[in-house]
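So you can see what is in the structure, the chains are spelled out below.
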Amino acid sequence: MRSHGRGRHHQRGAAILLALLIASLVATMGATALVRHWSTQRTASVTPLNMQHRALVSAGLQWAAMVLTDDRQNGEADHLNEAWAAPMLQDVGPFFGRDVVMTTRIQDLSAKWNVWLLVSAVHDPNPDPDANHISIAHIIAENVGLPPARLVEAATRYSMHHVGSARFIPDSPEACFAWLGLTQEERSLLDPYITCVPEEYGLNINTVRLDLLAWLEGSDIAKKIGVERAREPFESYEAIGRRLGDDASTLSFFLFGRPKVGWGVRSKWFTVDSTINYGGVAWRTRQTLKRTTQDIVPIGP
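A brief structural summary. (Residues numbered from 1 in each chain as written. Predicted model: local features only at pLDDT ≥ 70, side-chain atom pairs only at ≥ 80, totals over all residues. Heavy atoms only, no water.)

### Side note on the state of the cysteines
Piece 1. Using the criterion set out here, one finds one disulfide in the structure.
Piece 2. Across the disulfide, C176 is cross-linked to C196 (sulfur-sulfur distance 1.8 Å). Judged by the sign of its S-S torsion, about 45°, the cystine formed by C176 and C196 is right-handed. Of this pair, C176 sits in helix α5 (residues 173-180) while C196 sits in the loop between β6 (194-195) and β7 (203-204), and the two are 20 residues apart along the sequence. (Disulfide = S-S within 2.5 Å. Helix = DSSP H or I, 4+ residues; strand = E, 2+ residues; numbered from the N terminus.)

Below, the structure is given as structure tokens:
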């Protein structure tokens, strides 16, 4: 009798254990189904957002290409009074119950010093002694609060990178900065003043920041250039000397032995920065464009 009772007790224990296992399995299956349902719903909502994001960025790039094309046909000099220099603000309207606003801004890369000149100078075994890019790099780094030699160190590091037997040539400023090994904080400090594209060109005296101009040429001449270009943009290289008079002789491209800055009035490298604000969440993208005599060419990703 006792043996029979113990058998029933064991059977009840096994049944309870089996019931617990089944309940656990059902709960797991239910949780999995719930997660799958939530993931499906989330994907269903995110996918249209991503599609709209890509469509808006594409529309912003098309607008930028159209504006830059029209500008190329309408004048010789590039300056901050032109249509491309004004940001485009577009209220897209509600999407999934939230307002979407997009801002597209074109920046002139010829308003920034091209650190590629420094990379080339460090890599070149016979650099041009009149093109003192190292001095310019020291000036910019020091003025943004970095050690004076920081950019030179980064350029020296870059010059050691090779792909096979050839030196790596970046296809965009972002790729170049990545290979330079600058931190995000350093890039934030330097971004208003430098860019990096694999081509030599002069700074545009009509669009360059006045503080960068003052660092490179002195505050007095920078103030005069600021007043002159606000009154009327410099229409040609020759106009710089004509309108500045005797003060033009202090600009570094007229002097020997000072940091050589090639000044000009034309620009062909630009970035397009798009910010899409969706219900308080901002998505930012940046695309580099090169304006040729025939086309507007996207550079890099």
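### With respect to the packing of helix α3 (residues 133-143) against helix α7 (residues 210-217)
Piece 1. Two numbers describe how α3 lies on α7: the axes approach to 10 Å, and their chain directions differ by 130°. It follows from the interaxial angle that α3 and α7 lie oblique. Note on packing geometry: the crossing formed by α3 with α7 is right-handed. Taking contact as the criterion, the partners of I136, I139, I140 and N143 in α3 are, on α7, L212, W215 and L216. (Axes fitted to C-alpha atoms, helices over the stretch in contact; angles between N-to-C directions. Parallel < 35°, antiparallel > 145°, perpendicular 65-115°, else oblique. Left-handed = near helix turned anticlockwise from the far one by under 90°. Contact = heavy atoms within 4.5 Å.)

### Topic: the packing of aromatic side chains
Piece 1. According to the stated counting rule, one finds two aromatic pairs in the structure shown.
Piece 2. Ring centres of W84 and F270 lie 5.5 Å apart, and the angle between their planes is 70°; on these two criteria the pair is classed as edge-to-face. Of this pair, W84 sits in the loop between α1 (2-74) and β1 (88-95) while F270 sits in strand β9 (residues 269-278), and the two are 186 residues apart along the sequence.
Piece 3. Classification of W84 by relative accessible area gives buried; the value is 2%.
Piece 4. The exposure class assigned to F270 is buried, which follows from its relative accessible area of 0%.
Piece 5. Each ring, one from Y193 and one from W215, has its centre 4.6 Å from the other, and the planes form 40°; the classification is tilted. Linking Y193 in the loop between α6 (184-190) and β6 with W215 in helix α7, this pair joins segments that are 22 residues apart in sequence.
Piece 6. According to the relative accessible area criterion, W215 is partly exposed, its value standing at 21%. (Phe/Tyr/Trp six-rings, centres within 6.5 Å; stacked < 30°, edge-to-face > 60°. Buried < 20%, exposed > 50% of the residue type's maximum accessible area, 1.4 Å probe, protein only.)

### As for the nonpolar core
Piece 1. Membership of the largest hydrophobic core comes to 41 residues, with the highest contact counts inside it found for W113, V115 and I194.
Piece 2. Once you skip the residues sitting within four places of it in the chain, V115 turns out to touch L151, F177, L180, I194, T195 and C196.
Piece 3. By size, the runner-up hydrophobic cluster in this structure holds 17 residues, among which are V57, M88, V272 and I276. (Core = buried A, V, L, I, M, F, W, Y, C linked by side-chain atoms within 4.5 Å.)

Keep in mind these numbers describe shape, not what the thing actually does.
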